[in-house]
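Architecture and fold: a report
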Amino acid sequence: MAEDELRDIIQRCQILEEEDFKGEDFNLFQVAGQKCFEEGYVADVLEVVQNEKNKVIVKSMGWNLVGPLIRCLVKYKQDEVEREHCLKILDKLMELCSPKELVLGFLEQIEQASGEYRSQTILILLKPLQEVLLKLHNKKAYSVGLSLSTILNQISLLPVPYTKQQLQEDKHGLCQCCNALTPFVNPFVEEVVKHMETSSGEDYKELKEELLKYCLKSLKYPLLMAELDQLPEDPPQYSLRQFAADILGILLDIRELLPKVFSWDRRKYECWDEDILEMEKEQSAESLACLSYMVFVQDCFGMDCLPVVFNPSYILQCNMVHVEVLLKRTEESILSKGLALLENCLLRLEDNSLLLEYLEFKGFITTPQDLVKVMTLCPFEHLRKKSLKILQLYIEKFEEEGKFTLFRCLLKTSNHSGVEGFIIQNIKNQIDLSLQSTTGSKFFTGLQLASLLDIILSLPEGAETDLLQNSDRIMASLNLLRYLVIKDNENDNQTCVWTELCKIERNFLKPLHTGLNMSRAHYEAEIKNKKDNKRESHVSKKICSLTVAGEKMPHMTTEMELQVLHSALYTFDLIESVLARVEELIETKTNAAAEETTRIK
């Protein structure tokens, strides 16, 4: 019987001095104890550890019981009597055994826990682990750091609940673990704060660094992935907002909040603090990006921790590197944080307040390109729409030279007809403002505008350009040209459209005519072939497939294909009607100008 084996080894060791214990004794004690736990003789183990005669044995060998004891606690979580026995055994072990050995034993159990037992083991051991760490007194920094790292590594394997229902269910226990971590670290934070006030002790500096690592790691996971907006009528235990606020509170207490929020200003973000250099830059960058989101978008969760002395343009400059990091990710929760952070910074600025020089700073030219990627590639519709709105807001914050440079860059890099059409519409709006202004514009009239029109009023591949694929850009270009012809008289020629007219006809209008004729002929022939094939087969053949956002769509029937082909012809008709109107306006204005010249002569 297991209890007999345990008593035998106890009796054998009672007559020995502690230094006479052998490796075999430790093994037999551990095996016998484990069998007792597994077979339900928990009360017998409790009797052994509480017996004063066994004090030396338990002190020396008791930490070997940690593993089977914790497994027993998980097993008997519904049995109050057995659970109470297990907790009393644990208390006795903590009273007698070496704190260092117990720390290693506890961390081994946390590290080995898997599946549904992962969060349960963490929750069981946090309080005992805290107590034994506090017994280490002035040499605890390494052990505290190891403990926090082990716990967070296990928490990183738990999926982050995102929806309100997932948060309330907390199926995997992540929210419970995070909420339990704050009281676990509080004594160590208080110790660091106390030493900071007295400027005494070296160990506190190491402990402070371990707490900083803990905060940064928590910011990366789970907080970067978490929904941190306030959910209505949600109690704190169902939200990760409280954990996020706790992390901010720790950083504030150890005086690391503002240095980390504005770490960009340490030599153009290239020179990282030594404590950050100890970790991977990528992880630190994501942690700091999440921190900035919490500080600026969530307004520090109501804590008064950010001075109001910073210039809005400086805040944007500091956060562009963080926005860039967030927009590079594809997860909905992270992308939404990046967009919210950028929007928050932009809304602090006056329109037309950013100078061209800002485009030379890190992130200012790549961020609008990232916004374009979100607009065109993101599978989440609400984020695509928000990205478009923020790109417009971003454009409006630059003065005209900055806008001009930004437009040129986006036209060359977006590679998306819809985005190019959006940019061309913005250019049209800027030209309109310039023509209405009494002071004029250096960049949206005259020769500078002419260089921009060279890009806009041309076909990427001449007459062979895919007109259907580029229809948004072509329609926006035609509408811009129509506007210029109507608004700008040939005698004034403020936009240089009339001096550039020959080039526009050669590079844009004539190739567009040719391309329309070729495209129309091609699609009409396709329609005829489809109809002929349909008559021959008398059935609807599924011969075409379509892939959208990586997912294969259902096969297209012949009727569906014909609808697509007719839709293409309708698009060509639309382009052709606007093209005809533009040419009509050009001819009318050119004739009127010629008649005026003749009459003057």
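Structure first, text after, so check above.
Residues numbered from 1 in each chain as written. Predicted model: local features only at pLDDT ≥ 70, side-chain atom pairs only at ≥ 80, totals over all residues. Heavy atoms only, no water.

Now for the overall build of the chain. Assigned secondary structure in the chain consists of 26 helices and two strands. Counting every position in the chain, which comprises 601 residues, the buried fraction comes to 50%. Considering only contacts within the chain whose residues lie at least 6 apart along the sequence, 74% involve residues at least 24 apart. Accessible area of the chain: about 29,700 Å², with a carbon and sulfur share of 50%. (Helix = DSSP H or I, 4+ residues; strand = E, 2+ residues; numbered from the N terminus. Buried < 20%, exposed > 50% of the residue type's maximum accessible area, 1.4 Å probe, protein only. Contact = heavy atoms within 4.5 Å. Areas by Shrake-Rupley, 256 points an atom, 1.4 Å probe, with all protein chains shown as cover.)

Further remarks concern the packing of aromatic side chains. In the structure shown here, the tally under the stated rule is ten aromatic pairs. Geometrically, the ring pair formed by phenylalanine 407 and phenylalanine 444 is edge-to-face, given 6.0 Å between the ring centres and 70° between the ring planes. Pair noted here: phenylalanine 407 is in helix α21 (residues 400-413) and phenylalanine 444 is in the loop between α22 (417-436) and α23 (446-456), with a separation of 37 residues, a long-range link. A relative accessible area of 0% means that phenylalanine 407 is categorised as buried. With a relative accessible area of 0%, phenylalanine 444 lands in the buried category. Arranged with centres 5.4 Å apart and planes meeting at 70°, the rings of tyrosine 523 and phenylalanine 572 form a pair that is edge-to-face. (Phe/Tyr/Trp six-rings, centres within 6.5 Å; stacked < 30°, edge-to-face > 60°.)

Counting 178 residues, the largest nonpolar core has Leu129, Phe184, Tyr214, Leu223, Met294, Leu478 and Leu512 as the members making the most contacts within it. Once residues lying within four places of it in the same chain are set aside, the contact partners of leucine 512 are Leu459, Leu467, Ile474, Leu478, Ile575 and Leu579. (Core = buried A, V, L, I, M, F, W, Y, C linked by side-chain atoms within 4.5 Å.)

Our focus in this paragraph is a negative patch on the surface. Together, Asp79, Glu80, Glu84, Asp91 and Glu131 make up a region of like negative charge exposed at the surface. If you tally residues by element for the negative patch, the top one is helix α6 (residues 80-96), at three residues. By the secondary structure assignment, glutamate 131 is in helix α8 (residues 117-134). (Patch = residues over 30% accessible without salt bridge, like charges linked within 9 Å, V, L, I, M, F, W, Y side chains within 5 Å. Salt bridge = Lys/Arg side-chain N within 4 Å of Asp/Glu carboxyl O. Lys, Arg positive; Asp, Glu negative; His and termini not counted. Charge placed at Lys NZ, Arg CZ, Asp CG, Glu CD.)

Within the element layout of this structure, lysine 92 appears in helix α6. Dropping the residues within four chain positions of it, lysine 92 is found in contact with Val49, Gln50 and Glu52.

Another point: helix α11 (residues 174-198). With 25 residues, α11 ought to run about 36 Å at 1.5 Å a step, and its terminal C-alpha atoms sit 37 Å apart, in line with that. Its axis deflected by about 40° at valine 185, α11 carries its strongest bend there, up to four residues before the proline proline 187. (Expected span 1.5 Å × (residues − 1). Bend = angle between axes of the 7 residues up to and from the residue.)

A separate point is the pattern of salt bridges. Applying the stated criterion across every chain, the model contains 19 salt bridges. Between lysine 503 and aspartate 454 there is a salt bridge whose closest N-O contact spans 3.5 Å. Pair noted here: lysine 503 is in helix α25 (residues 501-537) and aspartate 454 is in helix α23, with a separation of 49 residues, a long-range link. The structure contains a network of salt bridges with shared partners spanning Lys220, Glu286, Arg329 and Glu331.

The next point concerns empty space enclosed by the protein. Evaluation of the coordinates by the stated rule reveals two cavities of 30 Å³ or more. Approximately 50 Å³ is the volume found for the largest cavity. Contributing to the lining of the largest cavity are Ala450, Leu453, Asp454, Leu457, Glu500, Lys503, Ile504 and Asn507. Only α23 and α25 provide two or more residues apiece to the lining of the largest cavity. In terms of residue class, the lining of the largest cavity is built from four nonpolar, one polar and three charged. (1 Å grid on protein atoms, 1.4 Å probe; cavity = no way out; pocket = protein on both sides within 12 Å on 5 of 7 lines; lining within 4 Å. Points joined across faces, edges and corners; volume = space filled by probe spheres on them. Nonpolar A, V, L, I, M, F, W, Y, C, P; charged D, E, K, R; others polar.)

To continue, consider a nonpolar patch on the surface. Where nonpolar side chains cluster on the molecular surface, the patch consists of Leu104, Tyr142 and Leu146 and spans about 330 Å² of accessible area. Looking at where leucine 146 falls in the secondary structure, it is placed in helix α9 (residues 141-155). Leucine 146 sits in the partly exposed class, given a relative accessible area of 30%.

What follows covers the environment of histidine 416. Within the element layout of this structure, histidine 416 appears in the loop between α21 and α22. When the C-alpha positions of histidine 416 and aspartate 472 are compared, they lie 9.1 Å apart, and in sequence the two are 56 residues distant.

Let us now look at the packing of helix α19 (residues 366-377) against α21. At their nearest, the axes of α19 and α21 sit 10 Å apart, and the two run at 45° to each other. Comparing their axes, α21 and α19 come out oblique. Seen from above, α19 lies across α21 with right-handed handedness. Only Leu406, Cys409, Leu410 and Thr413 of α21 make contact with α19, whose side of the interface consists of Pro368, Gln369 and Val372. Looking at side-chain class alone, the contact of α19 with α21 contains five nonpolar, two polar and no charged residues. (Axes fitted to C-alpha atoms, helices over the stretch in contact; angles between N-to-C directions. Parallel < 35°, antiparallel > 145°, perpendicular 65-115°, else oblique. Left-handed = near helix turned anticlockwise from the far one by under 90°.)

Here we come to the packing of helix α20 (residues 381-396) against α22. With their axes 12 Å apart at the nearest point, α20 and α22 run at an angle of 35° to one another. Crossing of α20 against α22: the hand is right-handed. In contact with Leu388, Leu391, Gln392 and Ile395 of α20, α22 contributes Phe422, Ile423 and Asn426.

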